[in-house]
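As a plain string of letters, each chain reads:
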Amino acid sequence: MVKDDLKKIVDDAKAAFASVKDKLALNAHKANFLGKKGPLAAIMAQMKSLSVEEKKELGMLSNVAKKEMEDAYLAKLDELNEEEINKKLMEETIDVTLPGYSFNQGSIHPLNEIVMELEDLFIGMGYEVAEGPEIETDEYCFEKLNLPKGHPARDMQDTFYINPEVLLRSQTSPVQARTMELKKGEPIKIICPGKVYRRDADDATHSHQFMQCEGLVLGEDITFANLKGALLEVAHKMFGEKNEIRLRPSFFPFTEPSVEVDVSCSKCGGKGCSMCKGTGWIEVLGAGMVNNQVLEMSGYDPKKIQGFAFGIGVERVAILKNGIDDIRNFYINDVRFLREFKEVK
Ligand code: DAH
């Protein structure tokens, strides 16, 4: 009887599927029992010689048998897959006693640290923080600051030219002229920290790129005394409350009168040491009352409004505060150097 044959095939297939230990063997049995050369296919091949009725019955029976074998195959496949996952999970248990991964956390660059301190101080005194382009025009970098072409003071600030009229700014002072034009005769109280460039050969005290923090205060009653007060605040905040300042006459084309500002040496307290080269004083910035020419060139009436400007050397402050002996340390990104300034929180 065909029915018995089919039952035997199904039972054999189920037994074969049940006996396997892996998917390879399972698939081999599947091919044997359900493939074109398998026993089911052989029975189906006999159909040709049967009557319509018999064909119908055999067709139905073989479909049932096929379905039963496929179900048995799929059930075993599920079982094997689950075994595989469980085995993996067992093998991959996590040892929570192993040390964790360490990761490196960055820190604020010592120069940015100084800039942030300066911003903090000046914002507290009512200043705004302004910005200007590092690629600047000759007009703003020099001419509007009373340094016409051929002026001897330009020699000290030779920089990188993109073309005869466009250059990398050699100072943050052009932001003075830019801000004045923006504010159109109104009072001003800004600082502008930023990068500047000069055509200098790099050594322990020179760098072709460094930072300045410009300051500009314009108003109706701004006097030299206000400048001195602001500078004293800077000295106290950056170097310590006991520090004094000393103003020496100097020259800048954009200020008149101009001064060079020294801070008393915080290492020796003014007695004289190697850091201050025995003088007791250290130069940190240039400043002065804004030159009338500069005011006029940017649309201000010097009879109504005047004020002061200053330019702080950011590296200089960082070097003095931290006792650094080579300016290049700031730029070579040696993490051992940078780590020295990392605040441990
Ligand atoms: N720009 C000057 C320099 O780079 C520094 C400076 C001096 C800026 C006096 C000022 C100032 O605003 O009033 O050497």
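Residues numbered from 1 in each chain as written. Predicted model: local features only at pLDDT ≥ 70, side-chain atom pairs only at ≥ 80, totals over all residues. Heavy atoms only, no water.

Q: Run through the overall build of the protein chain, naming residues and quoting values.
A: What the protein chain contains, in helices and strands, is 11 helices and 10 strands. Over its C-alpha trace the protein chain gives a radius of gyration of 42 Å, far above what one expects of a compact globule, namely 20 Å for 345 residues. Seen along its three principal axes, the alpha-carbon backbone of the protein chain occupies a region of about 125 × 50 × 40 Å. The buried share among the 345 residues of the protein chain stands at 40%. Residue pairs at least 24 apart in sequence account for 67% of intrachain contacts in the protein chain once pairs closer than 6 positions are excluded. Entry remark: accessible area of the protein chain is about 20500 Å², with carbon and sulfur atoms responsible for 54%. Each charge sign in the protein chain was given a centre, from 45 positive and 56 negative side chains, and these centres are 5 Å apart. (Helix = DSSP H or I, 4+ residues; strand = E, 2+ residues; numbered from the N terminus. Rg over C-alpha atoms; globule rule 2.2 N^0.38 Å. Buried < 20%, exposed > 50% of the residue type's maximum accessible area, 1.4 Å probe, protein only. Contact = heavy atoms within 4.5 Å. Areas by Shrake-Rupley, 256 points an atom, 1.4 Å probe, with all protein chains shown as cover. Lys, Arg positive; Asp, Glu negative; His and termini not counted. Charge placed at Lys NZ, Arg CZ, Asp CG, Glu CD.)

Q: Explain the nonpolar core to me, and be specific about the residues and the numbers.
A: Among the nonpolar cores identified, the biggest contains 44 residues, and Phe122, Phe308, Phe310 and Ile312 are the most heavily contacted of them. Within the residue set of this core, elements represented by two or more residues are helix H5 (110-124), strand S6 (209-219), helix H8 (224-239), strand S8 (255-264), strand S9 (281-290), strand S10 (306-313), helix H10 (314-322) and helix H11 (335-339). Not counting residues within four places of it along the chain, the set of residues in contact with Ile312 comprises Leu118, Phe122, Met211, Gln212, Cys213, Val234, Val284, Leu285 and Val317. Listed in part, the 22 residues of the second largest apolar core include Leu147, Leu167, Ile188 and Ala309. (Core = buried A, V, L, I, M, F, W, Y, C linked by side-chain atoms within 4.5 Å.)

Q: Could you give an account of the site of the ligand, with specific residues and numbers?
A: Within the structure, the ligand sits among 16 residues, and Gln171, Gln176, Arg198, Gln212 and Glu214 are positioned closest to it. At a separation of 2.8 Å, an oxygen atom of the ligand approaches a polar side-chain atom of Gln212. Glu214 places a polar side-chain atom, nitrogen or oxygen, 2.6 Å from an oxygen atom of the ligand. Summarising the interface, the protein chains cover 91% of the accessible area of the ligand, which totals 360 Å² for the free molecule. (Near = heavy atom within 4 Å. Polar contact = N/O pair within 3.5 Å; in protein donor to acceptor, adjacent residues only side chain to side chain.)

Q: How would you summarise the environment of Ile188 if you had to cite specific residues and measurements?
A: With respect to the helices, strands and loops of the structure, Ile188 is situated in strand S5 (residues 188-197). The sequence separation of Ile188 and Val217 amounts to 29 residues, and the corresponding C-alpha distance is 5.3 Å. Those residues in contact with Ile188, other than ones at most four positions away along the chain, are Thr179, Met180, Lys183, Leu216, Val217, Leu218 and Tyr300.

Q: Please set out the packing of aromatic side chains residue by residue, giving values where relevant.
A: Counted according to the given criterion, the structure contains 9 aromatic pairs. Both rings, one in Phe17 and one in Tyr73, keep their centres 6.0 Å apart while their planes meet at 65 degrees; by these two values the pair is edge-to-face. Note that Phe17 is positioned in helix H1 (residues 2-19) and Tyr73 in helix H4 (residues 52-91), a separation of 56 residues in sequence. With respect to burial, Phe17 and Tyr73 carry one shared label: buried. Aromatic rings pair up to connect Phe122, Tyr127, Phe308 and Phe310 into one cluster. The ring centre of Tyr73 lies 4.6 Å from the NZ or CZ of Lys30, which sits over that ring. Above the plane of the ring of Tyr140 lies Arg178, whose end atom (NZ or CZ) is 4.2 Å from the centre. (Phe/Tyr/Trp six-rings, centres within 6.5 Å; stacked < 30°, edge-to-face > 60°. Lys NZ or Arg CZ within 6 Å of the ring centre and 35° of its normal.)

Q: Got a sec to walk through the sheet that holds S8? Specific residues and values, please.
A: To summarise the sheet geometry, strands pair through backbone hydrogen bonds and adopt either a parallel or an antiparallel arrangement. Across the sheet, 7 strands lie side by side as S1-S5-S6-S10-S9-S8-S7; this open sheet has mixed pairing. The sheet is open, and its two edges are formed by strand S1 (128-129) and strand S7 (245-252), each paired on a single side. Judged from the 8 bridges that link them, S6 and S10 form a sheet pairing that is antiparallel. Residue Glu214 lies in a different strand from S10, and its bridge partner there is Gly311. Against the sheet, helix H7 (residues 174-183) touches S1, S5, S6 and S10, its axis set at about 145 degrees to S5. Sitting on the sheet, H8 is in contact with S7, S8, S9 and S10, with an inclination near 120 degrees to S7. (Pairing = 2+ DSSP bridges. Axes fitted to C-alpha atoms, helices over the stretch in contact; angles between N-to-C directions.)

Q: Any chance you could break down the environment of Phe210 for me, citing the residues and the numbers?
A: Along the chain, Phe210 turns up in strand S6. Along the primary structure Phe210 and Phe330 are separated by 120 residues, whereas in three dimensions their C-alpha atoms are 9.3 Å apart. Those residues in contact with Phe210 that sit more than four places away from it in its chain are Gly194, Lys195, Val196, Arg198, Glu315 and Tyr331.

Q: Tell me what's going on with the packing of helix H2 (residues 23-34) against H4, and back it up with residues and numbers.
A: Axis separation between H2 and H4 bottoms out at 10 Å; the angle between their running directions is 175 degrees. Comparing their axes, H4 and H2 come out roughly antiparallel. In this structure, H2 uses Lys23, Leu26, Asn27, Lys30, Phe33 and Leu34 to contact H4, whose residues at the interface are Lys66, Met69, Glu70, Tyr73, Lys76, Leu77, Leu80, Asn81 and Glu84. (Parallel < 35°, antiparallel > 145°, perpendicular 65-115°, else oblique.)

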